[in-house]
Amino acid sequence: MALILIVEDEEQIRTFLKLALDDHHLVIEAANSQEALKLTALARPNLTILDLMLKDSTLSGADLCMQLSTTPMLAGMPILAISGFADKEAVGSIVSCATDFLAKPIDYKDLINKVDELLKLQEGKLTSLVASANEDALFQAIIQAAMLGSAFKITRALERAIIQIKQNLGSIDDQQIP
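This is a predicted model, so every value here is computed, not measured.

Basis of the calculations
- Residues numbered from 1 in each chain as written.
- Predicted model: local features only at pLDDT ≥ 70, side-chain atom pairs only at ≥ 80, totals over all residues.
- Heavy atoms only, no water.
- Buried < 20%, exposed > 50% of the residue type's maximum accessible area, 1.4 Å probe, protein only.
- Helix = DSSP H or I, 4+ residues; strand = E, 2+ residues; numbered from the N terminus.
- Pairing = 2+ DSSP bridges.
- Right-handed = clockwise from strand over helix to strand, strands pointing away.
- Disulfide = S-S within 2.5 Å.
- Core = buried A, V, L, I, M, F, W, Y, C linked by side-chain atoms within 4.5 Å.
- Contact = heavy atoms within 4.5 Å.
- Salt bridge = Lys/Arg side-chain N within 4 Å of Asp/Glu carboxyl O.
- Arc of directions from axis to C-beta.
- Polar contact = N/O pair within 3.5 Å; in protein donor to acceptor, adjacent residues only side chain to side chain.

Asker: How should I be thinking about the pairing of strand E4 (residues 79-83) in this particular structure?
Answerer: Across a regular strand the side chains alternate sides, sitting on one face of the sheet and then on the other. For E4, the buried fraction is high: 5 of the 5 residues fall into the buried class. Burial of the side chains of E4 extends over both faces: Ile79, Ala81 and Ser83 are buried on one face and Leu80 and Ile82 on the other. Sheet analysis places strand E3 (residues 47-51) next to E4, joined by 4 bridges and oriented parallel. Bridged to Ile49 within E4 is Leu80. For the segment spanning E3, helix H3 (residues 61-69) and E4, crossover handedness is right-handed. Bridge count for E4 against strand E5 (residues 100-103) is 4 bridges, and the pairing is parallel. Along E5, the bridge assignment pairs Leu80 with Asp100.

Asker: Before we go on, may I ask you to explain the state of the cysteines in this structure?
Answerer: Covalent bonding between the sulfur atoms of two cysteines defines a disulfide. All told, the structure shown has 1 disulfide when counted by the stated rule. One disulfide bridge connects Cys65 with Cys97, the sulfur atoms lying 2.4 Å from each other. Residue Cys65 is found in helix H3, and its partner Cys97 is found in the loop between helix H4 (88-94) and E5; the two are separated by 32 residues along the sequence. With relative accessibility at 15%, the residue Cys97 sits in the buried group.

Asker: Help me understand the nonpolar core, please; the structure alone is not making it clear to me.
Answerer: In summary, soluble globular proteins display a tendency toward joint burial of nonpolar side chains. Counting residues in each nonpolar core, the largest one holds 19 residues, and the members touching the most others are Leu17, Leu21, Ile49, Leu111 and Val115. Elements represented by at least two residues in this core include exactly strand E1 (3-7), helix H1 (11-21), E3, E4 and helix H5 (108-132). With 5 residues, H5 is the largest single contributor of residues to this core. Beyond its immediate sequence surroundings of up to four residues, Ile49 is in contact with Ile4, Leu5, Ile6, Val7, Leu17, Leu21, Leu80, Ile82, Leu111 and Val115.

Asker: Just checking my understanding: could you explain the pattern of salt bridges for this structure?
Answerer: Oppositely charged side chains can form a pair if their charged atoms are brought close together. In total, this model carries 6 salt bridges according to the counting rule given. With its nearest N and O atoms 3.8 Å apart, the salt bridge here joins Glu10 to Lys55. On the criterion of sequence distance, the pair formed by Glu10 in the loop between E1 and H1 and Lys55 in the loop between E3 and H3 is long-range, its members being 45 residues apart. The closest approach of N and O atoms between Glu29 and Arg14, which form a salt bridge, is 3.1 Å. Taken together, the positions of Glu29 in strand E2 (residues 26-30) and Arg14 in helix H1 put the pair 15 residues apart, joining distant regions of the chain. Looking at Arg14, the relative accessible area reads 12%, which means it is buried. Salt bridges linked by common partners bring Glu8, Asp51 and Lys104 together as one network.

Asker: Honestly, helix H2 (residues 33-43) in this entry has me stumped. Any pointers?
Answerer: Along H2, the positions that sit buried rather than exposed are Ser33, Ala36 and Thr40. Viewed along the axis of H2, the buried residues span an arc of 55 degrees, placing them on a single side of the element. Looking at H2, the residues exposed on the side facing more than 90 degrees away from the buried face are Lys38 and Leu42. Against E1, E2 and H3 lie the buried residues of H2. Sitting at the head of H2, Asn32 places a side-chain oxygen 3.1 Å from the backbone nitrogen of Gln34. Immediately beyond the C-terminal end of H2, within one or two residues, lies Arg44, with a positive phi of roughly 45 degrees.

In structure tokens, the structure reads:
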């Protein structure tokens with residue numbers, strides 16, 4: 001179960017997104033950039049869904065996207081940009097910091113598929129860091145697992161790191177690996 005932050009100023013859209021996702025994920029909401037910055041600092045979400053055209057905010061959605069994507073403690077957090085602009089290329093010229101994009105009106109199945117894809121991508125990056133088996137990468141993988149906030153994921157990352165270290169030291173053979 002991932003923690004997802006929805007940053008959307010339109011309450012109806014925010015409610016739709018929350019209802020679509022809260023069966024399988026923990027969902028927190030922000031109606032503007034100020035709330036979003038506070039929540040990301042406190043909760044460190046696994047994924048942020050961000051409206052690019054925020055009204056009544058000190059930062060535009062594009063500026064908030066840039067700030068979130070360059071914040072070290074949020075490194076690797078996928079950002080799913082959403083906008084009333086239907087053309088991904090047009091939006092790409094506005095914001096290049098988002099991991100992916102969905103146009104409004106948002107299709108329920110497209111949303112679920114995109115969220116699952118981005119969370120798997122994030123988890124895959126963690127796994128590939130562990131698989132590289134050098135000390136710095138293992139440390140980064142453990143830190144990223146801790147940022148995910150899941151005890152299960154932290155435990156699995158630690159288990160993989162220990163197995164990888166033992167293999168590198170030659171103290172166990174492949175048959176003993178679960």
